[in-house]
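What follows is each chain in one-letter form.
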Amino acid sequence: MNTQPIIQVQNVVTAFGSTVVHDRINCSIFEHEIYALIGGSGSGKSTLLRELILLQRPLSGTITVFGQNIDTLTPKDAQQLRQKWGVLFQSGALFSSLSVGQNIELLYREYTDLPTNLINELVKLKIDIVGLPAHARYLYPSQLSGGMIKRAALARALALDPKLLFLDEPTSGLDPFSARQFDTLIYQLRDLLGLTVVMVTHDLDTIYHIVDRFALLGETKVVAEGSLNEVLAINHPLIKYFFQSTTQTSHQKEIHGIQS
Ligand SMILES: Nc1ncnc2c1ncn2[C@@H]1O[C@H](COP(=O)(O)OP(=O)(O)OP(=O)(O)O)[C@@H](O)[C@H]1O
Ligand SMILES: [Mg+2]
């Protein structure tokens, strides 16, 4: 593991009016990790994710991504940085009037000068890599199942070969079987493509199966950060509350056939 974090959050304060959401929070995400932001509803997970992807600014503190302080980026730097990551929004956020293939193609048309035949090949490759059948490229979002929408949105998020992938509640709305399949896909793609993955999740199974480290947010703080075993060793009521009635460990990975 690289010792320099890819993302570092230092003393970040976020407030909306008089409501403080983050009070001097810190966390670090390293290359090649699958890292989760977890915590109760309203604990500020999505807000932190939005700050990481430049959709929102904290009140104070420092966030560095790929070594760059995101508060001091020129618009050009910000645009270049945005192209280094892919984002899978919770709803998938595909354009409903475009087919899956066209949704992916759009990114190449917007950000590259690649010729049409090469774009065509890349679209095929991205559709294949997320486990969708080839004909899915001609389908429209309304013709896809929930699991297929997530995969199509993932194919689009991976279009420009990002090294960093942000996922917002990737398994929400999926049945348990599809959710575990999607976890496995993320796990495999992390290795195949050398990705660093940052996700907001409520899904304890995802945490048990594929997450390497996570930050538990609560009461305006990062209550704990680390691997599952490290965090479970800490005696804190919020940790107990979050993981209550669960006795699984990361050994569950083996049960589900995921190599660790
Ligand atoms: N744009 C905004 N304006 C005002 N308040 C906001 C805004 N965005 C978020 N908040 C508030 O910040 C707090 C944290 O919201 P956030 O969406 O980050 O929580 P969350 O941890 O993602 O919760 P959930 O698990 O329910 O999605 C909430 O109290 C929310 O109402
Ligand atoms: Mg949220």
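Structural data are supplied above this passage.
Below is a summary of the structure that appears in this document. (Residues numbered from 1 in each chain as written. Chains lettered and ligands numbered in written order. Predicted model: local features only at pLDDT ≥ 70, side-chain atom pairs only at ≥ 80, totals over all residues. Heavy atoms only, no water.)

Section: the side chain of threonine 14
The residue threonine 14 is located in strand β1 (residues 7-16) in this model. For threonine 14, the contacting residues outside a window of four places in its chain are Thr19, Val20, Val21, His22, Thr47, Glu51, Gln56, Pro58 and Leu59. (Helix = DSSP H or I, 4+ residues; strand = E, 2+ residues; numbered from the N terminus. Contact = heavy atoms within 4.5 Å.)

Considerations on the packing of aromatic side chains
Aromatic ring pairs are defined here through the distance separating the ring centres and the angle between the ring planes. Scanning the model with the defined rule gives 3 aromatic pairs in all. With a centroid separation of 5.9 Å and an interplanar angle of 45°, the aromatic rings of phenylalanine 214 and phenylalanine 243 are classed as tilted. Of this pair, phenylalanine 214 sits in strand β9 (residues 213-218) while phenylalanine 243 sits in helix α9 (residues 237-243); the two residues are 29 residues apart in sequence, bridging distant segments of the chain. Feature note: the residues Phe214, Phe242 and Phe243 constitute an aromatic cluster, connected by ring pairs. Seen from the ring of phenylalanine 66, lysine 84 lies directly overhead, with NZ or CZ sitting 5.2 Å from the centre. The aromatic ring of tyrosine 187 is capped on one face by arginine 190, whose charged end is 5.2 Å from the ring centroid. (Phe/Tyr/Trp six-rings, centres within 6.5 Å; stacked < 30°, edge-to-face > 60°. Lys NZ or Arg CZ within 6 Å of the ring centre and 35° of its normal.)

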